[in-house]
Amino acid sequence: MQIFVPREISEETRVAVTPETVKKFVQLGISVVVEQGAGEKSLISDEAYKQAGARVVLNEKRSSELQNADVVLHVLPLDGTDIAHLKPHAWHISFFDAFRYPEALEAFKKQQINVIALERIPRTSFAQKMDALSSQSNLAGYVGVLKGVQYLRKTLPMLVTSAGTLQAARVFVIGVGVAGLQAIATAKRLGARVEAFDTRPEVEEQVRSVGAKFVKIDLGQTGSTQQGYAKALTDEQLQRQRDGMTAVCVRSDIVITTAKVFARKAPLILTKAMTDAMQPGSVVVDLAVEAGGNTEGLVAGQNVTTPNGVHILGEGYWERLVATSASQMFASNLFALVEYLFDKDTQQLRCDEQDAILKSCLWVKNGQARFE
Ligand code: NAD
């Protein structure tokens, strides 16, 4: 079996294999081909890939290597032109939000490709090591705090000095999933006073266990799905939530929002009235920006400042800023997935749509889309 890792196009800084995972693939008897420069933005040289046992090919060979590949590993989906080179029944494994990449979806169908969407790996203990959504969200939570700090004109920890006392900054985290928990932990380590809120009641204990204060707002009936995701709130509940958290936002120096609801647009939580009420110089970091964002006035891909001086950060893809770490975790998730699917007898990946992992993440099977 041959894996090909084309260089990422667009702004992507991560790469789908590292020298460590190349070595492990080679040990399984799988050959790995890497396009020249694929690891550059993660500071992985072509030479390091070669030493690990990969064949590194020139950029001009991209189309012919796509034709030879049994499996393509990538962070984001290839575009239609690249997909047209793939051979029928080849595998394409990457994040794949088909709503955002309709052209790629059509191309995959036409070429009869097997497509795994990494964001649909199930949230089970068994699948944890393959869960790229979690590994990358974790880093986004960490980067989100650092970005907030970069814009804030205050220190985070309390500093008692002969020149006076600086109070600890206040950080408010809205949505305490993987990214939110890491944001709380990072802000705590930097010395901030941290408060947090989530609609899933079980989160209160987790928030306390990492040393933050849970903000209580009575929203009536809320809950989570079997997969562990939050259920969507009604419009009335969302309004109660906004009313309940305005005072917390006003006293916070940094507000980090991460609230998402699976397969839906992210809920609008911070209205213009709420950000207008915040102190000039305070910062909102919207980590839900890729899902539409939680903040009114957010500009996807940009950092903007409101007329009253509140910074709303919406750069997105925050984990790209720590590309070396993000690639290490992403590549490790992909190795675990490929190792699990690899059939040593046929030397190919198993394409069983009843499989516990594949039934939720195999978006296209031999060109047939499995999800609406
Ligand atoms: P997510 O990215 O879907 O959402 C982020 C957070 O936003 C969630 O905690 C959600 O409850 C919250 N949220 C939604 N609407 C909100 C609102 N209106 N106000 C405030 N918060 C709101 O979530 P996630 O990071 O994917 O994690 C969801 C859960 O799944 C967590 O408990 C996590 O620990 C669990 N999980 C389990 C596994 C596993 O077992 N393998 C893997 C990953 C995550």
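Because the structure is predicted, anything quoted here is derived from the model rather than measured. (Residues numbered from 1 in each chain as written. Predicted model: local features only at pLDDT ≥ 70, side-chain atom pairs only at ≥ 80, totals over all residues. Heavy atoms only, no water.)

Trainee: Go over the site of the ligand, please, and point to the residues and values.
Mentor: Neighbouring the ligand are 24 residues; Arg-123, Val-178, Asp-198, Arg-200 and Gln-241 lie closest to it. Here Thr-124 contributes a backbone N or O atom positioned 3.2 Å from a nitrogen atom of the ligand. Asp-198 has a polar side-chain atom sitting 2.6 Å from an oxygen atom of the ligand. Protein chains shield 87% of the accessible area of the ligand, which is 840 Å² for the free molecule. For the shell around the ligand, the per-class residue count stands at 10 nonpolar, 9 polar and 5 charged. (Near = heavy atom within 4 Å. Polar contact = N/O pair within 3.5 Å; in protein donor to acceptor, adjacent residues only side chain to side chain. Areas by Shrake-Rupley, 256 points an atom, 1.4 Å probe, with all protein chains shown as cover. Nonpolar A, V, L, I, M, F, W, Y, C, P; charged D, E, K, R; others polar.)

Trainee: I'd like a description of the packing of helix H1 (residues 19-27) against helix H11 (residues 323-341), backed by residues and values.
Mentor: Between H1 and H11, the least distance of the axes is 9 Å, while the angle of their chain directions is 15°. When the interaxial angle is binned, H1 and H11 end up roughly parallel. Both H1 and H11 take part in a crossing whose hand is right-handed. Residue-level contacts link Thr-21, Lys-24 and Phe-25 of H1 to Ala-331, Ser-332, Phe-335 and Val-338 of H11. For the contact of H1 with H11, the residue count by class is 4 nonpolar, 2 polar and 1 charged. (Axes fitted to C-alpha atoms, helices over the stretch in contact; angles between N-to-C directions. Helix = DSSP H or I, 4+ residues; strand = E, 2+ residues; numbered from the N terminus. Parallel < 35°, antiparallel > 145°, perpendicular 65-115°, else oblique. Left-handed = near helix turned anticlockwise from the far one by under 90°. Contact = heavy atoms within 4.5 Å.)

Trainee: Any chance you could break down the packing of helix H6 (residues 132-151) against H11 for me, citing the residues and the numbers?
Mentor: It is the contact of H6 with H11, at a shortest axis distance of 9 Å, that shows an interaxial angle of 165°. If you check the angle between H6 and H11, you find them roughly antiparallel. At the point where H6 passes H11, the crossing takes the right-handed sense. Within the contact between the two elements, H6 uses Ala-132, Ser-135, Gln-136 and Leu-139 and H11 uses Ser-325, Ala-326, Met-329, Phe-330 and Asn-333. For the contact of H6 with H11, the per-class residue count stands at 5 nonpolar, 4 polar and no charged.

Trainee: Quick rundown of the sheet that holds strand E15 (residues 311-313)? Include the residues and the values.
Mentor: On the basis of which strands lie adjacent, the open sheet formed by 7 strands has the order E11-E10-E9-E12-E13-E15-E14 and mixed pairing. Every interior strand has two partners, whereas the edge strands, strand E11 (213-214) and strand E14 (303-305), have only one. In this sheet, E15 lies alongside E14 in antiparallel orientation, the contact comprising 3 bridges. From the neighbouring strand, Thr-305 faces E15, where its bridge partner is His-311. Relative to the sheet, helix H9 (residues 235-251) contacts strand E9 (170-174), strand E10 (193-197) and strand E12 (254-257), its axis offset from that of E9 by approximately 155°. (Pairing = 2+ DSSP bridges.)

Trainee: Which residues make up the sheet that holds strand E3 (residues 55-57), and what values go with them?
Mentor: Read from one edge to the other, the open sheet built from 8 strands follows the order E3-E2-E1-E4-E5-E6-E18-E19, with strand pairing classed as mixed. Each edge of the sheet is formed by a strand with only one pairing partner; in this case those strands are E3 and strand E19 (368-369). Sheet analysis places strand E4 (residues 71-73) next to strand E5 (residues 91-94), joined by 3 bridges and oriented parallel. Note that in E5 the partner of Val-72 across the bridge is His-92. Its contacts with the sheet put H11 on strand E1 (2-5), E4, E5 and strand E6 (114-117), and the angle it makes with E5 is roughly 150°.

Trainee: Before we move on, can you summarise the environment of Ala-232 with the specific residues and values?
Mentor: Tracing the sequence through the fold places Ala-232 in the loop between E11 and H9. Distance from Ala-232 to Lys-260, taken between C-alpha atoms, is 8.8 Å for residues 28 residues apart in sequence. Filtering out sequence-adjacent residues up to four positions away, Ala-232 remains in contact with Val-261 and Arg-264.

Trainee: Residues and numbers for the domain arrangement of the protein chain, please.
Mentor: Per the domain assignment, the segments of the protein chain are domain 1 (2-120 + 322-362) and domain 2 (139-316). Once you take the C-alpha centre of each, domain 1 and domain 2 turn out to be 34 Å apart. Contacts between domain 1 and domain 2 engage 6 residues on the former and 5 residues on the latter. Contact between domain 1 and domain 2 buries roughly 430 Å² in total, counting both sides, with carbon and sulfur atoms accounting for 73%. The residue inventory of the side of domain 1 that touches domain 2, partitioned by class, reads 3 nonpolar, 1 polar and 2 charged. (Domains from an automatic or database assignment. Buried area = accessible area lost by both parts, 1.4 Å probe.)

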